[in-house]
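Commentary on secondary and tertiary structure
Listed below, chain by chain, are the residues.
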Amino acid sequence: MAPLGEGSDDPVLPDLPRGPLHAARARASFPWKELALFWEGPDMLRFKKNIFSALENDPLFAHPPGSLSLEKYRELNFLRCKRVFEYDFLRVEDLLGNPLRVLALIQCLGMYDWSLATKFFLHTLTFGSAIYSSGSERHFKYLPKIFNMEIFGCFALTEVSHGSNTKAMRTTAHYDPTTEELIIHSPDFEAAKFWVGNLGKTATHAVVFAQLYTPGGQCHGLHPFVVQIRDPKTLLPMPGVMVGDIGRKLGQNGLDNGFAMFHKVRIPRQDLLNRSGDITPEGTYVTHVKDARQHFSESLGSLSSGRVAIAGMSVVNLKLAVSIALRFSATRRQFGPTDEEEVPVLEYPMQQWRLLPYLAAAYALDHFSKSLFLDLVELQQGLLGKDRSARQAELGREIHALASAGKPLASWTAQRGIQECREACGGHGYLAMNRLGDLRDDNDPNCTYEGDNNVLLQQTSNYLLGLLVRRDQDGARIESPLKTVDFLEAYPNLLGHGFEASSPEDCLDSSVPLAAYEWLVCYLLRESYQKLNQEKQSGSNDFEARNNCQVYCCRPLALAFLELTVVRRFHEHVHQPDVPPPLRAVLGRLSALYALWSLNQHTALLYRGGYFSGEQAGKTVENAILALCAQLKDDAVALVDVIAPPDSILNSPIGRADGELYKNLWSAVLQQSKVLERASWWSEFSANKPVLGSLKSKL
């Protein structure tokens, strides 16, 4: 293993530059390099350093001063994506042999620019993984072409008129047995594939989802097909394909999102991705899947991969935002006990309360997203090994439920956190060069694509309600492969418990909010179950009944369940025996702060259900949150050092590691400004004497 710090020409963890932040680092209760080693491991630290070093030293990745035109940005983004492949950071064998490297590469690229990361991710993982996991050996010919960029791919599911309701997609694929071809067709503009990343300018091939029809007119539901969109040599559209760019977006404008319509485009029968269903040359549909719902979930299995990845992407945005805001807060001085003495704004309890819970959330959600990614890898390995066991099916349902709530929790937490960080940096946070605005805009689509957050939460609550129904009807135990629901076996007895902490000190371990969360999920499960039955008894059909249960029952149920899962996994991780002794206290505080801060958002429910009683319970939790913030204040800068990328990647003058806040800001302003130059439009405007004269006369 390479050295972590001193004594090497190329240390994995180089010493940070001295400056105003040095004093804040010196106050930390733990060695930040030891935490980085524990959190990432030496191999991952070296892998990330190699990526960052390549980007830092390559002129193609230099940040241009000012803004680029849309066309230039997309051209540069494609060239950068091509260069990433040339560096060969990720080998094909890493996809299964070292899967966390896949996630790390996407996240390192995202720390630099999400347009680049998303372009790479959509081509390599979304397009490539869809072919690998939904196809068979006959489709593996595409994989080397993906990694050498002989073709460039995208994932075409969403249509103009349908997004979340995937079953209602209207693109069709009719099989013609006389030519052994499938005819891909868009009946009208509402059925055009839309919002597809990489499709606007660069994709040559797409995994297109369409309703499969066999001779005789029988529809077999949504299936994926490999369809060529453009000629790889000319990038001109293939016959029958109308393709274009949908234009400028609120963020990620280096990514070319596009649309496509198909007019009776013929593709070989073999380009049906056939893991869950196939067509014989004569036109007979064959499948090993007996249940229509299982077929649908297998066809869209790659969506869980996307949702897990988006949760991790959201966490990266939160890491970047808190890194900028906390370094700023540790060096920005305002007010003080006397007029002559100003103190860093991080010393104020209000600033601590605004920012430190989001720092704790970044750590908790980072661990959760990585662990869920490894769970997903286990599931996919089972699918590739043709595991048809009951455990494998149950694992798929559990991961689907976790991913469906994990993406909403992570993306919403990041969105709120980035905004809080922006405001906590005052006017400097509003300056575009400090990057918080870009982070907010680039994170925004995480709340929408791969499933609208509020719609996704219904998948999780349906999973939980289904467990209760099975127990009541069949006497089945409530348990799951990942054990996220095993505590529900004690339902409804858990509802008899109450809050027992009598002082803030009692709450400083995350086991206390863990117990409260278990009660809360049981309470919301009971409320949702009763509400659903009441709706049905009053005459509502199943569709109406479920819709009427969402706002105050099923939605909070899904979020509370996922928060409990995050809290439990983080608690177990930081309390395991192999945590180095110098790290135990700070990690324990982070775990307790995230748990209490998240739980505190459900105070009204805890009182309404009777878990809290009397005003002291709520005050105890609030005082514990403030106490933990005060205890973590001196550790904040060192905690940021563990998760922040190098300055050239973070690309924020107010978030640089040396803490030379005003020097860095002034240097950046001068670099992009022409201080002594008059505005270019002034001479033309001032030459227009009649206009100036008329304005003066009116004034």
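Here the residue index of a chain counts from 1 through its sequence in written order. In keeping with the model being predicted, local features are shown solely for residues with a pLDDT of at least 70 and side-chain atom pairs are shown and tallied solely at 80 or more, while totals for entire chains, interfaces and linings include all residues. Note that the side-chain values use all heavy atoms of the structure and ignore hydrogens as well as water.

Notes on the overall build of the protein chain
- Regarding its fold elements, the protein chain presents 26 helices and 13 strands.
- Based on C-alpha atoms, the radius of gyration is set beside the globule rule, defined as 2.2 Å times the residue count to the power 0.38. Radius of gyration (C-alpha) of the protein chain: 27 Å, near the 27 Å computed for a compact globule of 699 residues.
- Projected onto its principal axes, the C-alpha coordinates of the protein chain cover approximately 90 × 80 × 70 Å.
- Burial status follows relative accessibility: with a 1.4 Å probe on protein chains alone, a residue under 20% of its type maximum counts as buried, one over 50% as exposed, and anything between as partly exposed. Residue burial in the protein chain is summarised as follows: out of 699 residues, 55% are buried.
- In the protein chain, 73% of the contacts between residues at least 6 apart in sequence involve partners at least 24 apart. Strands here are runs of E lasting at least two residues and helices are runs of H or I lasting at least four, both read from the DSSP assignment and numbered beginning at the N terminus. In what follows, a contact means two residues having at least one pair of non-hydrogen atoms within 4.5 Å.

Focus on the pattern of salt bridges
- We define a salt bridge as a contact between a side-chain nitrogen of Lys or Arg and a carboxyl oxygen of Asp or Glu at a distance within 4 Å. Applying the stated criterion across every chain yields a total of 39 salt bridges.
- When the shortest N-O distance is used, the salt bridge between K201 and E71 registers 3.9 Å. One end of the pair, K201, is in the loop between strand 4 (193-197) and strand 5 (205-214); the other, E71, is in helix 4 (residues 70-87), and 130 residues separate them in sequence.
- On the basis of relative accessible area, K201 is assigned to the partly exposed category, the value being 36%.
- E71 sits in the exposed class, given a relative accessible area of 52%.
- Measuring nitrogen to oxygen at the nearest pair gives 3.3 Å for the salt bridge that ties D542 to K536.
- Overall, D542 belongs to the partly exposed group, its relative accessible area being 38%.
- You can call K536 partly exposed: its relative accessible area is 37%.
- Salt bridges linked by common partners bring R25, R327, D641, D647 and R656 together as one network.

What to know about the sheet that holds strand 4
- We treat two strands as partners when DSSP finds at least two bridges between them. Within the open sheet, the three strands sit side by side as 4-8-7. Their pairing is antiparallel. Pairing within the sheet leaves two strands with one partner each, and these edge strands are strand 4 and strand 7 (241-245). Taken over all neighbouring pairs, the strand axes of this sheet differ in orientation by 30 degrees on average, direction set aside.
- As judged from the three bridges shared by strand 4 and strand 8 (residues 257-262), these two strands associate in the antiparallel manner. By the bridge assignment, V196 is partnered in strand 8 with G258. Throughout, an axis means a line fitted to C-alpha atoms (over the contacting stretch in the case of helices), and angles, computed between N-to-C directions, take values from 0 to 180 degrees.

Comments concerning unusual backbone geometry
- For the peptide bond that leads from Y491 to P492, omega is 5 degrees, which places it in the cis range.
- For F335, which is not glycine, the phi torsion reads 60 degrees and is therefore positive.
- Relative to the assigned elements, F335 resides in strand 12 (residues 333-338).
- Even without being glycine, N651 reaches a positive phi, approximately 55 degrees.
- Inspection of the secondary structure assignment puts N651 in the loop between helix 23 (647-650) and helix 24 (661-672).
- Judged by relative accessible area, which is 32%, N651 ranks as partly exposed.

Quick word on the UniProt feature "active site" (unreviewed entry) in the protein chain
- UniProt positions are given in the numbering used here, feature names are shortened, and annotations may be inferred rather than shown by experiment. This chain's UniProt record puts "active site" (unreviewed entry) on E450.
- As for its placement among the helices and strands, E450 is situated in the loop between helix 14 (436-443) and helix 15 (453-474).
- Those residues in contact with E450 that sit more than four places away from it in its chain are L303, G306, R307, I310, K407 and L456.

Thoughts on a nonpolar patch on the surface
- Like-charged residues within 9 Å of one another, or nonpolar side chains (Val, Leu, Ile, Met, Phe, Trp, Tyr) within 5 Å, are grouped into patches, provided each residue has over 30% relative accessible area and no salt bridge. All accessible-area figures derive from a Shrake-Rupley calculation using a 1.4 Å probe, and residue coverage is judged against the displayed protein chains alone. Side chains of M350, W353 and L626 sit close together on the surface and give an oily, nonpolar patch of about 330 Å² of accessible area.
- Looking at the secondary structure, you find L626 in helix 21 (residues 615-632).
- Residue L626 is classed as partly exposed on the basis of its relative accessible area of 41%.

Some details on the packing of helix 11 (residues 349-384) against helix 19 (residues 581-600)
- It is at 8 Å that the axes of helix 11 and helix 19 come closest, and there the two elements cross at 105 degrees. In terms of orientation, helix 11 lies roughly perpendicular with respect to helix 19. Counted together, L356, P357, Y358, A360, A361, Y363, A364 and L365 of helix 11 and L590, L593, Y594 and W597 of helix 19 form the full contact between these two elements.
- Under the grouping applied here, Gly and all other residues not named as nonpolar or charged are polar, the nonpolar ones being Ala, Val, Leu, Ile, Met, Phe, Trp, Tyr, Cys and Pro and the charged ones Asp, Glu, Lys and Arg. Residue composition of the contact of helix 11 with helix 19, grouped by class: twelve nonpolar, no polar and no charged. Should an angle fall under 35 degrees it is taken as roughly parallel, and over 145 as roughly antiparallel, whereas 65 to 115 is taken as roughly perpendicular and any remaining angle as oblique.

A closer look at the pairing of strand 13 (residues 341-344)
- As defined by bridge partners, strand 12 adjoins strand 13 across three bridges and the pair is classed as antiparallel. When the sheet's bridge partners are listed, Q334 is paired in strand 13 with V343.
- Counted along the chain from strand 12 to the antiparallel partner strand 13, the turn is two residues long.

Some words on the environment of Q380
- Note that Q380 resides in helix 11.
- Its relative accessible area of 25% is what places Q380 among the partly exposed residues.
- Along the backbone, Q380 and S133 are 247 residues apart, and their C-alpha atoms lie at a distance of 7.5 Å.

Some remarks on the packing of helix 16 (residues 511-537) against helix 19
- Direction vectors running N to C along helix 16 and helix 19 enclose 35 degrees, while the axes themselves pass 8 Å from each other. You can see that helix 16 and helix 19 cross each other, and the crossing is left-handed. Mapping the contact onto sequence places P513, A516 and Y517 in helix 16 and A595, L596, S598 and L599 in helix 19. Handedness of each helix crossing follows the sense of rotation of the near helix against the far helix: counterclockwise by less than a right angle gives left-handed, clockwise gives right-handed.

A word on the environment of G406
- Mapped onto the secondary structure, G406 falls in helix 12 (residues 390-424).
- Under the relative-accessibility criterion, G406 is labelled buried at 2%.
- Sequence-wise, G406 and L456 are 50 residues apart; in three dimensions their C-alpha atoms are separated by 9.4 Å.

Here we look at the domain arrangement of the protein chain
- Its domain assignment divides the protein chain into domain 1 (153-289) and domain 2 (297-487 + 501-666).
- Relative placement of domain 1 and domain 2: their C-alpha centres are 36 Å apart.
- In this assembly, 13 residues from domain 1 lie in contact with 15 residues from domain 2.
- What qualifies as a polar contact is a pair of N or O atoms within 3.5 Å, subject to a donor-acceptor requirement within protein and to the restriction that residues adjacent in sequence count only when both atoms come from side chains. For the pair domain 1 and domain 2, the number of links is one residue pair in polar contact (both at pLDDT 80 or more).
- Taken together, the residues of the side of domain 1 that touches domain 2 sort by class into six nonpolar, six polar and one charged. Residue ranges labeled as domains rest on an automatic or database domain assignment.

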